[in-house]
Amino acid sequence: MTDPANTTASPAPKSMDAIMALCKRRGFIFQASDIYGGINGFWDYGPLGAQLKKNLRDAWWQDMIMRPCWGANGPNGQPVRCVPLETRIIQHPKVWEASGHVAGFNDPMVDDKETKGRFRADHLIGAFCAPIDAPAPTTAGLPAFTIVSSTPGEAVTILTDDKKLRKLLGVDGLEPVAASSSGQALFKCEYKGKPVHALFAQVPMETLKAQFGNIPSPFTGKPGSLTEPRQFNLMFKTYVGATASQDDIAYLRPETAQGIFVHFKNVADTTRVKMPFGIGNVGTSFRNEVTPRNFTFRSREFEQMELEFFCHPDESQEWYKFWRDFRMEWWKRIGLAGENLILREHDKDELSHYSCGTSDVEYRFPFTAPGFGELEGIAHRGNFDLTQHQKHSGAKMEYNDTERGEILPNGGRRGERYLPHCIEPAAGLDRGVLAILCEAYTKDESRPSPEFMKFNPRVAPIKAAVFPLVGKDGMPEVADKLHAELSARFWRLGAIECDEKQTIGKRYARMDEAGCPFCFTIDGDTLKDQTVTVRDRDTGGQQRIGIDKVSAFVADKIGE
Ligand code: GAP
């Protein structure tokens, strides 16, 4: 979520309920174990969703690994080099000790004993309200949760996903009148129907621990029912082997990144890659989130697409900036362009102790609007991870760079040994799909099909549809032939539909909801002059092209 100062005025958010309903109705996303009432934090992809997700994964794979950065040179003037890797969900438990996840991958959890509601203590925010004609309130000197308010004696507690108070926007869609860098934001808003100034402040953990008995539950508004916050490790545990003893405990990976660090030397030693180079890993990660929410945004099982780009420490800042900018550009090209997408550089106090730079690509989801939610983090991780694995495993992680170091009398080089620094663009695949679904969802009551999905043709799960205008006069046969031709060429990229049921208007409407960019209609003229109608999903406009040009037309539009 972003600093209020960075937040631009935005159009009314799209309805998340409408998007979720369409996702279910058209088979993009279903709740996992739906017929048993679902299981919180787990989502499955239906036929359209599975292909949409595959297309996004493939686009990442292509643009990050196989032809990195669309063939552009890096800041060193050389083509960017990356290789793939595929590592397992279950790794040796020591991997997670070395990475710090066993000791530190915790969220502070609080339960409401009355409602059985649960929340993350760091999501709790207190609001201090004052009448609008009184001086603006300040938290200085105020005990936590004392309300300076037009309705005295009532505390306000708010739950938010924001990591920081300055990321408050999105809680109630309020526009700040002032924000301070100390983590407070002043809003003009209504409290109990009266205009008030509200100063929101994140509840410090010490205050929460000391005063949890007095803090009103965000579920009931009454104090006294909250448990003391306790640390909860987000890694799912399992047992490896039949005995299921304490010695057999293993973890489901909470990120794909560590698999890359563990194999850094294996990859460097077995391939011809030379520094700088990247290793990409895509796969499922698990986090036992305290409060999974917002559709797939915060799930307990999700896929990540992570690249670790290793380079000489002296070049790391340049590479950090390069990847940060490329990743922003990539999301734009995939269809998230416009004011719903921002790149946010972390403040110094948000950085991990080992990081000297992190940026987030953030998207304005309907449920975060007018604020933003993280889609991808691009972090300069220094040599933290390789150092940790070297220390914990005893394996040497140093790289011998034969293109650097002292020049020997014979003209060769001695080589420089160092622990490379690492830039990590870490994207969420499921979050990417969700952002694409939200961005694509369009409502236009003036159209015969008011809801349609404006997918970028590259990720659209159905690439084209072929319709005989009527099911007779030889039209179905021509449609079948065109369908077979397009399917043979494009099956790797998505479906080609062929449908002769219902009116042509209804068939267009079905394809609009599925986000199919182009429909080709075979009609009476086709039989005479070998042309077809192309109907554009976004404009509804139609044109005629030769039937022999259809395949090239589709290829051009999807960037093949
Ligand atoms: N290796 C670094 C790392 O894992 P992260 O910010 O924790 O960084 C990277 O995760 C991305 O993974 C996030 O930007 C987000 O898109 C996705 N992600 C993280 N937790 C998630 C969750 N519970 N549900 C869905 N996606 C999640």
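Residues numbered from 1 in each chain as written. Predicted model: local features only at pLDDT ≥ 70, side-chain atom pairs only at ≥ 80, totals over all residues. Heavy atoms only, no water.

1. Overview of the confidence of the model for the protein
- When pLDDT is averaged along the protein, the result is 86; 84% of the residues meet or exceed 70.
- This model gives residues 141-155 a pLDDT under 50, and the stretch forms 38 contacts once residues within four places in sequence are excluded.
- Predicted confidence for residues 162-175 stays below pLDDT 50, and this span has 59 contacts to residues more than four positions away or in other chains. (pLDDT = per-residue confidence, 0-100. Contact = heavy atoms within 4.5 Å.)

2. Details of the site of the ligand
- The environment of the ligand is made up of 19 residues, and the closest members are Glu255, Arg287, Glu289, Glu306 and Glu374.
- One of the side-chain N or O atoms of glutamate 374 is found 2.6 Å from an oxygen atom in the ligand.
- Within the backbone of leucine 375, one N or O atom sits 2.9 Å away from an oxygen atom of the ligand.
- Protein contact buries 88% of the 550 Å² of open area that the ligand shows by itself.
- Looking at the shell around the ligand, the elements that each hand over two or more residues are strand S15 (301-311), strand S18 (373-382) and strand S21 (421-428).
- Ranked by residue count, the leading element in the shell around the ligand is S18, at four residues.
- Residues of the shell around the ligand, tallied by class, amount to five nonpolar, five polar and nine charged. (Near = heavy atom within 4 Å. Polar contact = N/O pair within 3.5 Å; in protein donor to acceptor, adjacent residues only side chain to side chain. Areas by Shrake-Rupley, 256 points an atom, 1.4 Å probe, with all protein chains shown as cover. Helix = DSSP H or I, 4+ residues; strand = E, 2+ residues; numbered from the N terminus. Nonpolar A, V, L, I, M, F, W, Y, C, P; charged D, E, K, R; others polar.)

3. Points about the sheet that holds S21
- Ordered in space as S3-S14-S15-S21-S18-S17-S16, the seven strands form an open sheet in which the pairing is mixed. Two strands bound the open sheet, and with one partner strand each, they are strand S3 (82-85) and strand S16 (341-345). Pairwise comparison of adjacent strand axes, ignoring direction, gives a mean angle of 20 degrees for this sheet.
- Alignment of S3 against strand S14 (residues 277-286), held across four bridges, turns out to be parallel. For cysteine 82, the partnering residue across the bridge sits in S14 and is glycine 278.
- Contacts between helix H8 (residues 316-336) and the sheet are confined to S15, S16, strand S17 (357-363), S18 and S21, with S18 contributing the most and set at about 160 degrees to the helix. (Pairing = 2+ DSSP bridges. Axes fitted to C-alpha atoms, helices over the stretch in contact; angles between N-to-C directions.)

4. Here we look at helix H12 (residues 504-514)
- Burial in H12 covers these residues: Arg507, Tyr508, Ala509, Met511, Asp512, Glu513 and Ala514.
- One or two steps after H12, the chain reaches glycine 515, where phi turns positive at roughly 80 degrees. (Buried < 20%, exposed > 50% of the residue type's maximum accessible area, 1.4 Å probe, protein only.)

5. As for the pattern of salt bridges
- All told, the structure shown has 35 salt bridges when counted by the stated rule.
- The shortest N-O distance in the salt bridge between aspartate 269 and lysine 265 comes to 3.9 Å. Taken as a pair, aspartate 269 and lysine 265 lie in helix H7 (residues 264-270) at a separation of four residues, close to a single helical turn. (Salt bridge = Lys/Arg side-chain N within 4 Å of Asp/Glu carboxyl O.)

6. A closer look at the sheet that holds strand S25 (residues 495-498)
- If you walk across this open sheet you meet the five strands as S25-S24-S26-S27-S28, and the pairing is mixed. Here the strands that pair on one side only, and so sit at the sheet edges, are S25 and strand S28 (542-546). For this sheet the average axis-to-axis angle between neighbouring strands, irrespective of direction, equals 25 degrees.
- Across the sheet, helix H11 (residues 475-490) is in contact with strand S24 (462-468), S25 and strand S26 (518-522); its angle to S25 comes to roughly 175 degrees.
- With respect to the sheet, H12 is in contact with S24, S25, S26, strand S27 (531-536) and S28, its orientation differing from that of S24 by roughly 175 degrees.

7. Structural notes on the environment of valine 478
- Within the secondary structure layout, valine 478 lies in helix H11.
- Along the primary structure valine 478 and leucine 527 are separated by 49 residues, whereas in three dimensions their C-alpha atoms are 8.4 Å apart.
- Setting aside chain neighbours within four positions, we find valine 478 in contact with Ile522, Thr526, Leu527 and Ile547.

8. Regarding the packing of aromatic side chains
- This structure, assessed with the given rule, holds 22 aromatic pairs.
- Their ring planes at 85 degrees and their centres at 6.1 Å tell us that phenylalanine 261 and phenylalanine 310 sit as a pair that is edge-to-face. You can see phenylalanine 261 sitting in helix H6 (residues 257-262) and its partner phenylalanine 310 sitting in strand S15, a full 49 residues away along the chain. Comparing phenylalanine 261 with phenylalanine 310, the two get one shared label, buried.
- Taken together, a centroid distance of 5.3 Å and an interplanar angle of 80 degrees make the contact between tryptophan 319 and phenylalanine 322 edge-to-face. Remark: phenylalanine 322 and tryptophan 319 occur in helix H8; sequence separation between them is three residues, near one turn of the helix.
- Overall, phenylalanine 322 belongs to the buried group, its relative accessible area being 18%.
- One aromatic cluster is present, formed by Trp70, Phe309, Trp319, Phe322, Trp323 and Phe326 through successive ring pairs.
- Here the basic side chain of arginine 507 rests over the ring of phenylalanine 467, its NZ or CZ set 5.3 Å away from the ring centre.
- Between the NZ or CZ atom of arginine 535 and the centre of the ring of tyrosine 508, over which it lies, the distance is 4.5 Å. (Phe/Tyr/Trp six-rings, centres within 6.5 Å; stacked < 30°, edge-to-face > 60°. Lys NZ or Arg CZ within 6 Å of the ring centre and 35° of its normal.)

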